[in-house]
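# Topology and contacts: notes
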Amino acid sequence: IILDKPFPTYPDGFPGDLMDKFEKAIGTRVLGNMAASGTEIIKDLGDEHVRTGYPIVYTSADSVFQIAAHEEVIPLDRLYEICRIAREMLKGEHGVARVIARPFTGEKGNYVRTSGRKDFSMEPTGKTVLEYLVEKGHEVMAVGKIKDIFAGRGISRWVASEGNMDGLDKTVKFMQEDFSGLLFTNLVDFDMLYGHRNDPSGYARALMEFDRRLPELLGSLRDEDILIITADHGCDPLTPSTDHSREYVPLLVYGGRVKKGVNLGIRDGFTDIAATLAELFGIDESFGGRSFLREAAE
């Protein structure tokens, strides 16, 4: 889906009148309301949050409204409820792409974010390739936060994951099933644990761990399967910022039907992947992209 205008961002925090309405809706004040690193803001405001019980609201360079809370102060169910209230409010002018629950645990000086993160995405404004696949009788299996990103639309089955290795375990398990459709996996550690935390050593270790698992992934492919490895954005752990970075992302295509040594060039965008899936599954929609199926596959 190509938007007519970008999602709103809030480098100076959210407007006062919006926050007043939000505080009234959830029945409590909030802390923060600024653009910040998620790990830094719980370090700076975690103690005050534990003392007062007020949730921490912050944003980033992305179009996100993030709510952090200690799991022993605001239980997960309540944090998710607060996020749903925010999601319902943030429409129209303030229709951010995602509201994100950011739970953490630990004690003073040692707060740690947990895997209870949950994304409450803006509903897609049109039909995605996932929905067309399901309509044609195919399955769309999602591993990790894919279901949250698409607000549950066009997803047949899904499983949460706790880190890259668990995500790969669940991906391989799905690959062993007999199904027709798309298996869509997000490996979040590269972004959440290392890119945003400016940890190049951790990032390198995560890449090597993935490399060690790659033969298992490739060995699970059937002759007709096509594997696409890409990233939804850059998150260079060496940049001064803790936000996403703007380098090109990889596009690696592999499978029994895939030609060897083909350079697919610099693509126009993720629409090209959507267009490729559409051609592969006989969906008569372009999605604004340029399919690389005939370039890449026999």
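For the structure, check the block above.
Quick look at the structure, then. Please read all numbers here as calculations on a predicted model, not as lab measurements.

### Let's talk about the overall build of the protein
For the protein, the helix and strand inventory stands at ten helices and eleven strands. Relative to its length of 298 residues, the protein is compact, with a C-alpha radius of gyration of 20 Å against a globular reference of 19 Å. A buried classification covers 43% of the 298 residues belonging to the protein.

### Examining a nonpolar patch on the surface
Together, Ile-1, Leu-3 and Phe-7 give the surface a local cluster of nonpolar side chains, amounting to about 250 Å² of exposed area. Inspection of the secondary structure puts Ile-1 in the segment before helix H1 (16-26).

### Observations concerning the nonpolar core
Judged by nonpolar contacts, the single largest core of 22 residues is most densely connected at Phe-14, Phe-22, Val-57, Phe-65, Ile-67 and Val-99. Elements represented by at least two residues in this core include exactly H1, strand S3 (64-70), helix H3 (76-89) and strand S4 (98-107). In terms of residues, this core owes the most to one element, H3, which gives five residues. Apart from the residues within four sequence positions on either side, Val-57 is in contact with Phe-14, Met-19, Phe-22, Val-30, Leu-31, Gly-32, Asn-33, Met-34, Ile-41, Phe-65, Gln-66 and Ile-67. Among the nonpolar cores identified, the runner-up in size contains 20 residues, and Leu-130, Val-140, Ile-146 and Phe-150 belong to it.

### Some words on the layout of surface pockets
Taken as a whole, the second largest pocket spans an internal volume of roughly 490 Å³. Along the walls of the second largest pocket sit 26 residues, with Ser-115, Gly-116, Arg-117, Ala-160 and Ser-161 positioned nearest its centre. For the lining of the second largest pocket, the secondary-structure elements that each account for two or more residues are strand S5 (110-113), strand S6 (118-121), helix H5 (146-149), helix H6 (164-175) and helix H7 (189-195). Of all the elements, H7 adds the most residues to the lining of the second largest pocket, at three residues. The residue inventory of the lining of the second largest pocket, partitioned by class, reads seven nonpolar, seven polar and twelve charged.

Criteria and cut-off values
Within every chain, residues take consecutive numbers counted from 1 along the sequence as written. Note on the predicted model: pLDDT of at least 70 is required for a residue's local features to be given, and 80 or more for side-chain atom pairs to be given and counted; whole-chain, interface and lining totals, by contrast, use all residues. Hydrogens and water molecules were not included; the side-chain quantities draw on all heavy atoms of the structure. Under the DSSP-based scheme used, a helix requires at least four consecutive residues in state H or I and a strand at least two consecutive residues in state E, with every element numbered from the N terminus. Throughout, the radius of gyration refers to the C-alpha atoms, and the reference size of a globule is 2.2 Å times the residue count to the power 0.38. Relative accessibility under 20% of the residue-type maximum defines a buried residue, over 50% an exposed one, and the middle range a partly exposed one, all with a 1.4 Å probe and only protein chains included. In this analysis, a patch consists of residues with relative accessible area above 30% that form no salt bridge, clustered at 9 Å for like charges and at 5 Å for the nonpolar side chains Val, Leu, Ile, Met, Phe, Trp and Tyr. Accessible surface area values rest on a Shrake-Rupley calculation with a 1.4 Å probe, where residue burial reflects the displayed protein chains alone. Salt bridges are counted wherever a side-chain nitrogen of Lys or Arg sits within 4 Å of a carboxyl oxygen of Asp or Glu. Working definition of a nonpolar core: buried Ala, Val, Leu, Ile, Met, Phe, Trp, Tyr and Cys residues. They are joined through side-chain atoms within 4.5 Å. Should any heavy atoms of two residues lie within 4.5 Å, those residues are considered in contact. Cavity and pocket criteria rest on a 1 Å grid covering protein atoms alone: a 1.4 Å probe that fits but cannot get out defines a cavity, protein on both sides within 12 Å along at least 5 of 7 lines defines an open pocket, and an atom within 4 Å of a point defines a lining residue. Grid points are joined across faces, edges and corners, and a volume is the space filled by probe spheres set on the points. When residue character is reported, Ala, Val, Leu, Ile, Met, Phe, Trp, Tyr, Cys and Pro are called nonpolar, Asp, Glu, Lys and Arg charged, and the others, Gly included, polar.

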